[in-house]
Amino acid sequence: MFGWEFPPYQAGGLATATLGLVKGLLRQGIEVTLVVPFPVGHSELIGLRLVSTATRVTQLLRTRRVTALLGPYMTAQEYTVTHAQMVQGAATTGKSVYGRNIFEEVERFASIAAGIAREEPHNVIHAHDWITYAAAIEAQKISGKPLVAHIHATEYDRSGDHPNPEIYRREREGMHAADIVIANSHALRRLVTRHYGLPSEKIEVVHWGIEEHRPEYHLEPPRPFKQDEPVVLFLGRVTRQKGPDYFIEMARKVADFVPDARFVMAGSGDMLPQIIERTAELGLTEKVHFAGAVQGADVFKMFRMADVCVMPSVSEPFGLVALESLKSGTPVIIPKESGVAEALRNVFKVDFWDIDEMTNKVVGILRHRELYEELRERSLEEVSSPKLGLDEPAKRVKEVYERAIEMANDRILQEVAS
Amino acid sequence: MKNICMYFQVHQPYRLKRFRIFDIGNGTHYFDDEQNRAILRKVAHKCYLPTNQLLLDLIKRTEGRFKVAFSLSGALLKQLVAEAPEVLASFQELAATGSVEILGETYYHSLSAIGHKDEFIEQVDLHRGTIERLFGQRPRVFRNTELIYFDELAPLIADMGFKAILAEGADKVLQWRSPNYVYETTNASGLKLLLRNYRLSDDVGFRFSERNWEGWPVTADKYVNWVAASLGETVNLFMDYETFGEHQWAETGIFDFLRHFPFEAERRGLKFVNPSELAGRTPTGTLSFPTPTSWADVERDLSAWLGNRLQNAAHERLYKLRSAVMATGDQDLIERWRKLSTSDHFYYICTKWFADGDVHKYFNPYETPYDAFMAFMNVMQDLEQRVETRRGLVRETVGTRQSPSGLALVGAV
């Protein structure tokens, strides 16, 4: 399995999703070798082998070939640091994965992948998003094993209607090279069919689940505000895709109805300066609080502190944050077109642009304690059902593997026959 | 089996708009007139008009021996008067045959039996007056909203002059007894209980088109066999009128079923009787309903309307406002308030089956029960503010005169 993010290297949902999937697959008795581009230690999970291309780079750096690739100035140490910064940088800005060197990164990841494919026994190659597709294709050239391309988000989700043509090309290449493509949602499947010319029967939809029990779901929340001041939360990258601008406009309207409401924006990204400026323009500086990027357990503290979590995402191919919020006992308002909206019923679903409707719903939750409690109880019940745990998605992915292996075998038989 | 008693419920609520927080205090209209009109027309076209015509034919062809009873809510009648007078006329034509009995109920198809005793009595009176005026007959048998019945209701109903009340033949009440007999209430002597045979009623109402049910397809011949085989005196078949053509589409053969039903029944010597005829029979015994029992869901209780904290909060808020609304003496406000008392508003807030995608969504205008709750609460707030304003005006102009009495006929058709 080729991944790009894995805790603690986390930019967004991909790390959590990958970890969740790996855990689920291990429970299904599948052994996983996860190849990632940053330095890793040993995994505590039984059945998971973590292989880092970064460590290999460190070893290979002694040879001239790779040093040349990376440039003469960079020592192994520097490189590792830079790389970690890059991965983490993605967490804070959401932008740096599109940095100048990203394609080089991807190429290098791919070049090492071939060697790994030779050494690591495997039956299926599973690749998460375009950044790992090149590596997966290289691996397939070596081992000839079936390829499953997993799509968490496409370039259209990240950039709207102006996709980076190089990223688009790579996404497309990976999807077409794959035996089976997995999409996070039906919405994503439709998008892929439309924009990437992939027949829909080649795409399997697997909704994400969430880890059933974690101590983080029950953390004591911080209490920075007065007891009776309700808290409305935005948690995510402050980028166009996540709709922070809609959140701020909504905050303005909510404040008219619930004057003591507090708004917390947890996240960082390229739109942050613009959002801060707009907050001042709207006279909300005393009500809106910027928490910066939050990681790990702090994420759950944020949910635990909030009365409602609002996701006005312009695009949300799945939206794992919604499940995390519900698990922490905080009702969510999610985008109508999100993947998670396909999987949940006891939540409010709104069009990201419908600021009035969002306001209406937030005010409803803040004003009526019964509504908050009923939503909280019912959604917690729903998110605790097996279909939203880790087993269900893993079972589905396992089925995909089995089918992919079958397809690859058939292919070999046909080649032999002809 | 000797007799068949059929009663059909006919009701449409005044559905609310998706009344938002911004609409409060802005003079926004509460009800979604357009949607209500559209649904009324659709149901009239698919069910009311064709079924009324069929029933009329059947009554004529059996020379009045085929009999049915209707309970028509005031909320429905008011909408028919305004939007579909031809449908009202067809009900009147049926009533004029002498084979059709009209039952009493609360005007607004409300939960006032639970919420407020005086309100309950006023709505029943209001409805009875309307039925007399429109159909020339005075209801003698009562059926409460969603067949909700409990012992305390009996004296109220008896005092109002009704001879019998309809109730669900729930297993928890009947235990070893059969619903196919006339019973008497425990605490109002002389008031009879007519119990729905839910198995046979639901065979038509719910299961008629269920292809994976062993009874499918239900032909009139087969069904009458079941009825005839049922032990007792009278089978009470109570169901929503929308069963015909709306819940069960014409394509399912429901109209053919109904067309043959009376003749198949007569062929086996079964007789059709009306509820008030049964009210004259000697009861087999008494039955106690210690807790409210309804015909809804498997629980047969109030949980479809008052089963979660949202529903309870909405219900409490509504009845808390009653005395203030009545005190305004403002007919428009009182009617608005009463339209809000319709049980459907609470049904839409039901969360118990929501996660499964449920049977409750029939004509439900909301995406979620939570949206239904918010619309209702926002409307309540608007109404509270209007009432407050109106009372302020009343105080200014005529002092503190308050006369809640004499308002019983407000909102009548």
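In this text, all values refer to a predicted model and were calculated from it rather than measured experimentally. (Residues numbered from 1 in each chain as written. Chains lettered and ligands numbered in written order. Predicted model: local features only at pLDDT ≥ 70, side-chain atom pairs only at ≥ 80, totals over all residues. Heavy atoms only, no water.)

**What about the interface of chain A and chain B?**
How big an interface is tends to be stated in terms of accessible area lost as the parts join.
Here comes step 1: The partner chain B presents 24 residues to the 25 residues of chain A that form the contact.
Here comes step 2: At the junction of chain A and chain B, the tally comes to 9 salt bridges.
Here comes step 3: Between Asp 371 of chain B and Lys 361 of chain A there is a salt bridge; the shortest N-O distance is 3.1 Å.
Here comes step 4: Run the count over chain A and chain B and you get 9 residue pairs in polar contact (both at pLDDT 80 or more).
Here comes step 5: Mapped onto the side of chain A that touches chain B, the elements with two or more residues apiece are α10 (244-257), β12 (348-350), α15 (355-367) and α16 (369-383) of chain A.
Here comes step 6: Per element, the largest residue contribution to the side of chain A that touches chain B is 8 residues, and it comes from α15 of chain A.
Here comes step 7: Tallied by class, residues from the side of chain A that touches chain B come to 6 nonpolar, 5 polar and 14 charged. (Contact = heavy atoms within 4.5 Å. Salt bridge = Lys/Arg side-chain N within 4 Å of Asp/Glu carboxyl O. Polar contact = N/O pair within 3.5 Å; in protein donor to acceptor, adjacent residues only side chain to side chain. Helix = DSSP H or I, 4+ residues; strand = E, 2+ residues; numbered from the N terminus. Nonpolar A, V, L, I, M, F, W, Y, C, P; charged D, E, K, R; others polar.)

**Topic: the domain arrangement of chain B**
All names here are of chain B.
Here comes step 1: You can read the domains of chain B as domain 1 (3-287) and domain 2 (303-398).
Here comes step 2: Taken together, the contacts link 41 residues of domain 1 with 34 residues of domain 2.
Here comes step 3: For the pair domain 1 and domain 2, the two sides together bury roughly 3,200 Å², of which 61% comes from carbon and sulfur.
Here comes step 4: Contact with domain 2 buries surface across domain 1, with Leu 16, Tyr 30 and Leu 111 losing the most and accounting together for 22% of the total.
Here comes step 5: Across the domain 1-domain 2 interface, the total number found is 6 salt bridges.
Here comes step 6: One salt bridge in this structure joins Arg 18 and Glu 367, with 3.7 Å as the shortest N-O distance.
Here comes step 7: Between the two partners, domain 1 and domain 2, sit 16 residue pairs in polar contact (both at pLDDT 80 or more).
Here comes step 8: Elements represented by at least two residues in the side of domain 1 that touches domain 2 include exactly α1 (33-61), α4 (112-115) and α5 (117-135).
Here comes step 9: Element by element, the count of residues in the side of domain 1 that touches domain 2 is highest for α5, at 5 residues.
Here comes step 10: For the side of domain 1 that touches domain 2, the class distribution of residues is 15 nonpolar, 14 polar and 12 charged. (Domains from an automatic or database assignment. Buried area = accessible area lost by both parts, 1.4 Å probe.)

**Some details on the packing of aromatic side chains**
Here comes step 1: Per the counting criterion, the structure on display carries 43 aromatic pairs over all chains.
Here comes step 2: Ring geometry for Tyr 156 of chain A versus Tyr 196 of chain A: centroids 5.8 Å apart, planes at 85°, classification edge-to-face. Of this pair, Tyr 156 of chain A sits in helix α7 (residues 155-159) while Tyr 196 of chain A sits in helix α9 (residues 186-196), placing them 40 residues apart in sequence.
Here comes step 3: Given a relative accessible area of 18%, Tyr 156 of chain A falls into the buried group.
Here comes step 4: Seen in terms of ring centroids, Phe 66 of chain B and Phe 272 of chain B are 4.8 Å apart; in terms of plane orientation they differ by 90°. Their pairing is edge-to-face. Of this pair, Phe 66 of chain B sits in the loop between α1 and β2 (68-72) while Phe 272 of chain B sits in strand β9 (residues 271-272), and the two are 206 residues apart along the sequence. Comparing Phe 66 of chain B with Phe 272 of chain B shows no difference in burial state: the two are buried.
Here comes step 5: An aromatic cluster of three or more residues is present, and its members are Phe 66, Phe 208, Trp 213, Tyr 223, Trp 226, Phe 257, Phe 261 and Phe 272 of chain B.
Here comes step 6: The cationic tip of Lys 339 of chain B hangs over the ring face of Tyr 14 of chain B; the distance from NZ or CZ to the ring centre is 4.0 Å.
Here comes step 7: The positively charged end of Lys 339 of chain B is found above the aromatic ring belonging to Phe 31 of chain B, 5.2 Å away from the centroid. (Phe/Tyr/Trp six-rings, centres within 6.5 Å; stacked < 30°, edge-to-face > 60°. Buried < 20%, exposed > 50% of the residue type's maximum accessible area, 1.4 Å probe, protein only. Lys NZ or Arg CZ within 6 Å of the ring centre and 35° of its normal.)

**Describing the pattern of salt bridges**
Residues and elements named next belong to chain B.
Here comes step 1: Evaluated as defined, the whole model comprises 71 salt bridges over all chains.
Here comes step 2: Its salt-bridge partner being Arg 338, residue Glu 122 comes within 2.7 Å of it at the nearest N-O pair. You can see Glu 122 sitting in helix α5 and its partner Arg 338 sitting in helix α15 (residues 331-340), a full 216 residues away along the chain. Accessibility assignment for this pair places Glu 122 and Arg 338 in one class, buried.
Here comes step 3: A salt bridge links Lys 352 to Glu 299; the shortest N-O distance between them is 3.0 Å. Here Lys 352 is found in the loop between α16 (344-347) and α17 (369-398), whereas its partner Glu 299 is found in the loop between β10 (285-287) and α12 (303-306), with 53 residues between them in sequence.

**Notes on the pairing of β2 of chain B**
Residues and elements named next belong to chain B.
Here comes step 1: Along β2, 5 of the 5 residues are buried, which leaves the element largely enclosed by surrounding structure.
Here comes step 2: Alternating residues of β2 divide into Val 68, Phe 70 and Leu 72 and Ala 69 and Ser 71, and every residue in both groups is buried.
Here comes step 3: In this sheet, β2 lies alongside strand β1 (residues 3-10) in parallel orientation, the contact comprising 4 bridges. Bridging across to β2, Val 10 finds its partner in Leu 72. (Pairing = 2+ DSSP bridges.)

**Here's the deal with the domain arrangement of chain A**
Residues and elements named next belong to chain A.
Here comes step 1: You can read the domains of chain A as domain 1 (13-209 + 394-417) and domain 2 (215-388).
Here comes step 2: Contacts between domain 1 and domain 2 engage 23 residues on the former and 20 residues on the latter.
Here comes step 3: A buried area of about 1,500 Å², summed over both sides, lies between domain 1 and domain 2, and 55% of it is on carbon and sulfur atoms.
Here comes step 4: At the junction of domain 1 and domain 2, the tally comes to 0 salt bridges.
Here comes step 5: Counting every contact that joins domain 1 to domain 2 gives 5 residue pairs in polar contact (both at pLDDT 80 or more).
Here comes step 6: Of all the elements in the fold, those that place two or more residues in the side of domain 1 that touches domain 2 are α1 (13-27), α4 (76-93), α7 and α9.
Here comes step 7: Partitioned by chemical class, the residues of the side of domain 1 that touches domain 2 number 7 nonpolar, 13 polar and 3 charged.

**Remarks on unusual backbone geometry**
Residues and elements named next belong to chain B.
Here comes step 1: Along the chain, Trp 216 connects to Pro 217 via a cis peptide bond; the corresponding omega equals -5°.
Here comes step 2: A positive phi is found at Glu 146, a non-glycine position, where the angle reads about 55°.
Here comes step 3: Relative to the helices and strands, Glu 146 is located in the loop between β4 (141-142) and α6 (153-159).
Here comes step 4: In this structure Glu 146 comes out as buried when scored by relative accessible area, which is 16%.
Here comes step 5: With phi around 60°, Leu 147 is a residue other than glycine that occupies positive phi space.

**As for the sheet that holds strand β7 (residues 192-196) of chain B**
Two modes of strand pairing occur in sheets, parallel and antiparallel, and in both the strands are linked by backbone hydrogen bonds.
All names here are of chain B.
Here comes step 1: With mixed pairing, the 5 strands of this open sheet are ordered in space as β4-β5-β7-β6-β10. Edge positions in the sheet fall to β4 and β10, since each of these pairs with one other strand and no more.
Here comes step 2: Where strand β6 (residues 183-185) and β10 come together, 3 bridges link them in parallel fashion. Among the inter-strand pairings, Thr 185 is bridged to a residue of β10, identified as Leu 287.

**Focus: the side chain of Asp 297 of chain B**
All names here are of chain B.
Here comes step 1: The topology assignment puts Asp 297 in the loop between β10 and α12.
Here comes step 2: Note on Asp 297: relative accessible area 17%, which makes it buried.
Here comes step 3: A polar contact is formed between the side chain of Asp 297 and the side chain of Lys 352, at a distance of 2.9 Å.

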